[in-house]
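What follows is the residue order along each chain.
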Amino acid sequence: MAAVNSLLSEDQFLCSICLDVFNDPVTIPCGHNFCKNCITEHWNTSDQYRCPICKKVFNTRPELHVNTFISEMVGQFRDKAQQEASSSSSSELQQSKPVEVLCEACTGTKLKALKSCLDCLVSYCETHLEPHLTASRLKRHQLIDPVENLEDRMCMKHDKPLELFCKTDQTCVCTLCSVLDHKTHEFVPLKEEYEEKKAELEETEAEIQQMIQKRQLKIQEIKHSVDLSKDDADREMAEGVRVFTTLKESVERGRAEFINTIDKKLKTTKKQAEAFIKELEQEICELMKRSTDVQQLSRSEDHFHLIQRVQSVNSAPPTKDWTEVNVCQPLYEETVRNAVAQLEETLSEEMKKLLDQAELKRVQQYAVDVTLDPDTAQPDLILSEDGKQVHHGDVTKNLPDNPERFSSCVSVLGKQSFSSGRFYFEVQVKGKTGWDLGVARESINRKGLITLSPEKGFWSIWLRNGNEYKACTDPPVRLSLKCRPEKVGVFVDYEEGLVSFYDVDSAALIYSFTDCSFTEKLFPYFSPYLNEGGKNSAPLVISPVSVK
């Protein structure tokens, strides 16, 4: 088995679904292997029992049993991998473990060296180092932390300690090298170069740590993206299931109505046929009775009696002419055609409604917090303290006529501006007979009379006289709405050049401005319109967005 194991690679022990080493490996009828849980979950979420590798489809769900041979192979592979990892870890520890330098002056058991002398080229323990600490001649020797191979620290040409660093040749040299072989070069003491290189290493280490942190942040960002993608997938899955469930229910209702219609037509036909049969049976009874009377009378030998009775027999009530009488056959084919046509219409309406709801939910995720800017409000307008409501007042306030303020048109802008991306907000218009809503660019004219149109920097819709809805284009476009919206959603895609308006309660699209060209800041635009003697006194209310 060891020989076989050595010929197999890690890839041969990986499940093609989870891409990890097999866990409870099973073999399906086509011969391919998977983790038992992986293939089980794959088939649980699929409408066919198909092999993920060769795509072979099985009519019935194959029974799964753990493949003991592969399981044993995987077990041995895991053990081998663990042993290699353990061996590698041990080797790394041995390499990283500092080397213990022994005293070269000890004659018996050698003790651990405390210092190495670059002049004597010998490493000393604490006892044998004593002369270097007390003798005046030895005090001048250069002592360093204990190291092996002190000969490597001596100049092989001049047999002197390597005390200098030649920056020109980037190498360690002795004092004689500096005056003989490298006399025109730039030198620094070894310690100075050490400090410089140490500072460079610290800088490199800081850069490495920064790179590690950036990559760790990138990992978190990628994981967060996956989490967001999963949330989107779950949300889309739930929405899709809801859509198809609704459509399925519509089809089932249509099917039930179709069957009921056919049953009703069949029952009507049966009832008519039963009535005809009953009437015919009654006539047959009367005719049979009359036939009996005629037969008896014809056998009579009493001349007088036959003559007297023949008139009464001939004067029997007339029977119905059934020649043109038929049972009405209903057109079942027409029923099917009408049912399918009605189902198509119903499904079309349901699809539009569901797609509108999905579209509204999509744009609602770009909801922003909008408040009204009092510095832009026309003096007749009254704003709430929280900047979320506005209505037309009866008294003109004395306000400074700053450049941002509307002077004549009863309008106000939002404080927030947008120059990229997507944004969405909702406004309650319940109880109003007139209003304007939309967005406006920063450079719009705010003084005197204003024309609402994209050419003038406004992308908006309005209501007048309680039932006249228009898109403010040039010329305006009349909007036919099935019901009066009580809350209007406004969505803008700056880069796409799109401004859309929605009836929030019915999730229906009211109107869209497309192919817009935005080149400057956009501000939410509001007008509660005139009070109209109290008929239009209800405020416009910026509402929090609630995704249903």
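Above this text sits the structure in question.
For the structure given in this document, a descriptive report is provided here.

Reading guide: rules and limits
- Residues numbered from 1 in each chain as written.
- Predicted model: local features only at pLDDT ≥ 70, side-chain atom pairs only at ≥ 80, totals over all residues.
- Heavy atoms only, no water.
- Patch = residues over 30% accessible without salt bridge, like charges linked within 9 Å, V, L, I, M, F, W, Y side chains within 5 Å.
- Areas by Shrake-Rupley, 256 points an atom, 1.4 Å probe, with all protein chains shown as cover.
- Salt bridge = Lys/Arg side-chain N within 4 Å of Asp/Glu carboxyl O.
- Helix = DSSP H or I, 4+ residues; strand = E, 2+ residues; numbered from the N terminus.
- Pairing = 2+ DSSP bridges.
- Buried < 20%, exposed > 50% of the residue type's maximum accessible area, 1.4 Å probe, protein only.
- Polar contact = N/O pair within 3.5 Å; in protein donor to acceptor, adjacent residues only side chain to side chain.
- Arc of directions from axis to C-beta.
- Contact = heavy atoms within 4.5 Å.
- Core = buried A, V, L, I, M, F, W, Y, C linked by side-chain atoms within 4.5 Å.
- Axes fitted to C-alpha atoms, helices over the stretch in contact; angles between N-to-C directions.
- Parallel < 35°, antiparallel > 145°, perpendicular 65-115°, else oblique.
- Left-handed = near helix turned anticlockwise from the far one by under 90°.
- Nonpolar A, V, L, I, M, F, W, Y, C, P; charged D, E, K, R; others polar.
- Phe/Tyr/Trp six-rings, centres within 6.5 Å; stacked < 30°, edge-to-face > 60°.
- Lys NZ or Arg CZ within 6 Å of the ring centre and 35° of its normal.

Moving on: a nonpolar patch on the surface. Residues Leu 176, Val 179 and Leu 180 make up a contiguous nonpolar surface patch of about 250 Å² in total accessible area. The residue Leu 180 is located in the loop between helix H6 (175-179) and strand E10 (187-189) in this model.

Remark on secondary structure: sheet strands pair via backbone hydrogen bonds, oriented parallel or antiparallel. Strand order in the open sheet made by the 6 strands is E13-E22-E15-E16-E17-E18, with antiparallel pairing throughout. Strands at the two margins of the open sheet, each flanked by one partner only, are strand E13 (412-413) and strand E18 (477-479). Of the strand pairs in this sheet, strand E15 (residues 435-441) and strand E16 (residues 458-464) are connected by 6 bridges, and their pairing is antiparallel. Counted as the bridge partner of Leu 437 is Ile 461 from E16.

Following Asp 474, the chain continues into Pro 475 via a peptide bond in cis, with omega recorded as 0°. Its place among the elements puts Pro 475 in the loop between strand E17 (468-471) and E18. For Asn 149, which is not glycine, the phi torsion reads 50° and is therefore positive. Mapped onto the secondary structure, Asn 149 falls in the loop between strand E7 (143-144) and strand E8 (164-166). Unusually for a residue other than glycine, Ala 507 sits at a positive phi of about 55°. Mapped onto the elements, Ala 507 comes out in the loop between strand E20 (498-503) and strand E21 (508-513).

In this section: the environment of Glu 63. Note that Glu 63 resides in the loop between strand E4 (57-58) and helix H3 (68-96). Of the residues examined, Glu 63 reaches a relative accessible area of 63% and is grouped as exposed. Along the sequence, Glu 63 and Lys 447 sit 384 residues apart, while their C-alpha atoms lie 80 Å from each other. A polar atom in the side chain of Glu 63 sits 3.4 Å from the side chain of His 65.

Within the span of helix H2 (residues 36-44), buried status applies to Cys 38, Ile 39 and Trp 43. Buried residues of H2 fall within an arc of 125° about the axis and therefore sit on the same side. Away from the buried face of H2 by more than 90 degrees, exposed residues Asn 37, Glu 41 and Asn 44 are located. Against the buried residues of H2 lie strand E1 (25-27), strand E2 (33-35), strand E3 (49-50) and E4.

Trp 435 and Phe 526 are the most contacted members of the largest nonpolar core, which has 36 residues in total. Within the second largest apolar cluster, 18 residues are counted, among which are Val 26, Cys 38, Ile 39 and Ile 70.

On to the side chain of Ser 250. Checked against the element boundaries, Ser 250 lands in helix H7 (residues 190-298). Of note is the side chain of Ser 250, whose polar atom sits 3.1 Å from the side chain of Arg 253. Not counting residues within four places of it along the chain, the set of residues in contact with Ser 250 comprises Leu 343, Thr 346, Leu 347 and Glu 350.

Let's shift gears to the packing of H7 against helix H8 (residues 303-314). Axis separation between H7 and H8 bottoms out at 10 Å; the angle between their running directions is 165°. By the criterion of interaxial angle, the relationship of H7 to H8 is roughly antiparallel. Considering the relative orientation of H7 and H8, their crossing is left-handed. Where H7 abuts H8, its residues Arg 290, Val 294 and Leu 297 lie against His 305, Leu 306, Arg 309, Val 310, Val 313 and Asn 314. A class-by-class count of the residues in the contact of H7 with H8 yields 5 nonpolar, 2 polar and 2 charged.

Evaluation of the coordinates by the stated rule reveals 13 aromatic pairs. An angle of 40° between the planes, with centres 6.0 Å apart, marks the rings of Tyr 366 and Phe 491 as tilted. In this pair, Tyr 366 sits in the loop between helix H9 (332-364) and strand E11 (381-383) while Phe 491 sits in strand E19 (residues 487-493), placing the two residues 125 residues apart along the sequence. Here Phe 491 falls in the buried class, since its relative accessible area comes to 1%. Centre to centre, the rings of Phe 418 and Phe 423 are 3.9 Å apart; their planes meet at 15°, and the pair counts as stacked. Grouping residues by exposure puts Phe 418 and Phe 423 together as buried. Counting every residue linked through ring pairs, the aromatic cluster contains Trp 43, Tyr 49 and Phe 58. Against the face of Trp 322 rests Lys 320, its NZ or CZ located 4.5 Å from the ring centre.

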